[in-house]
Amino acid sequence: QVQLVESGGGLVQAGGSLRLSCAASGRTFSRYSMGWFRQAPGKEREFVATINWSGGRTYYADSVKGRFTISRDNAKNTVYLQMNSLKPEDTAVYYCATSDVLYGSSFQTREYEYNYWGQGTQVTVSS
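Parameters and conventions
Residues numbered from 1 in each chain as written. Predicted model: local features only at pLDDT ≥ 70, side-chain atom pairs only at ≥ 80, totals over all residues. Heavy atoms only, no water. Patch = residues over 30% accessible without salt bridge, like charges linked within 9 Å, V, L, I, M, F, W, Y side chains within 5 Å. Areas by Shrake-Rupley, 256 points an atom, 1.4 Å probe, with all protein chains shown as cover. Salt bridge = Lys/Arg side-chain N within 4 Å of Asp/Glu carboxyl O. Helix = DSSP H or I, 4+ residues; strand = E, 2+ residues; numbered from the N terminus. Disulfide = S-S within 2.5 Å. Buried < 20%, exposed > 50% of the residue type's maximum accessible area, 1.4 Å probe, protein only. Pairing = 2+ DSSP bridges. Polar contact = N/O pair within 3.5 Å; in protein donor to acceptor, adjacent residues only side chain to side chain.

### Let's talk about a nonpolar patch on the surface
- Together, Trp 53, Leu 102 and Tyr 103 make up an exposed nonpolar region whose accessible area comes to about 300 Å².
- Mapping Trp 53 onto the fold places it in the loop between β5 (46-51) and β6 (58-60).

### Points about the state of the cysteines
- Taken as a whole and judged by the stated rule, the model has one disulfide.
- Shown here is the disulfide that connects Cys 22 with Cys 96, its sulfur atoms set 1.9 Å apart. Around the S-S axis, the bridge from Cys 22 to Cys 96 shows a dihedral of about 45° and counts as right-handed. Placement of the pair is Cys 22 in strand β3 (residues 18-25) and Cys 96 in strand β9 (residues 92-102), with a sequence separation of 74 residues. The same class applies to Cys 22 and to Cys 96, which are both buried.

### Some words on the pattern of salt bridges
- In the structure shown here, the tally under the stated rule is six salt bridges.
- Between Glu 46 and Arg 38 there is a salt bridge, and its shortest N-O distance comes to 2.6 Å.
- Across the pair Asp 62 and Lys 65 runs a salt bridge, and its minimum N-O distance is 3.0 Å.
- Taken together, the salt bridges that share partners define one network made up of Arg 38, Glu 46, Arg 67 and Asp 90.

### Here we look at the pairing of β3
- Of the pairings in the sheet, the one linking strand β1 (residues 3-7) to β3 comprises five bridges and is antiparallel in character. When the sheet's bridge partners are listed, Leu 4 is paired in β3 with Ala 24.
- Two strands pair when backbone bridges link them, and β3 and strand β8 (residues 78-83) are joined in this way by six bridges, in the antiparallel orientation. Paired with Ser 21 across the bridge in β8 is Tyr 80.

### Thoughts on the environment of Arg 45
- Position of Arg 45 relative to the elements: it lies in the loop between β4 (32-39) and β5.
- Among the polar contacts made by the side chain of Arg 45, one reaches the side chain of Glu 111 at a distance of 3.0 Å.

Here it is as structure tokens:
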């Protein structure tokens, strides 16, 4: 079965950077889009970024555009989220996810569009 394992979270000061990783297994990674979501305490989970199967197309939430970069290494079955200029409001549990859409051509930004989720990694940004 598909498994996703996030890593790289931690505590960082405002203005700092972190890189999250998500290692996938259980199927051919390079055929499917990947996404990152986050959930802050007391809030609903929200979309952060997505990348298509080849890595050639990306899409971001307005709140992170220009600060975060999603990328993937299909040879390593891993998707990354580089987070720069972090703000306290970026504090959340970050989840990676993937769907069952093969070679998808449209960006997936809604939770229901994803079939598999990781366990999450905590990111805390102090002011």
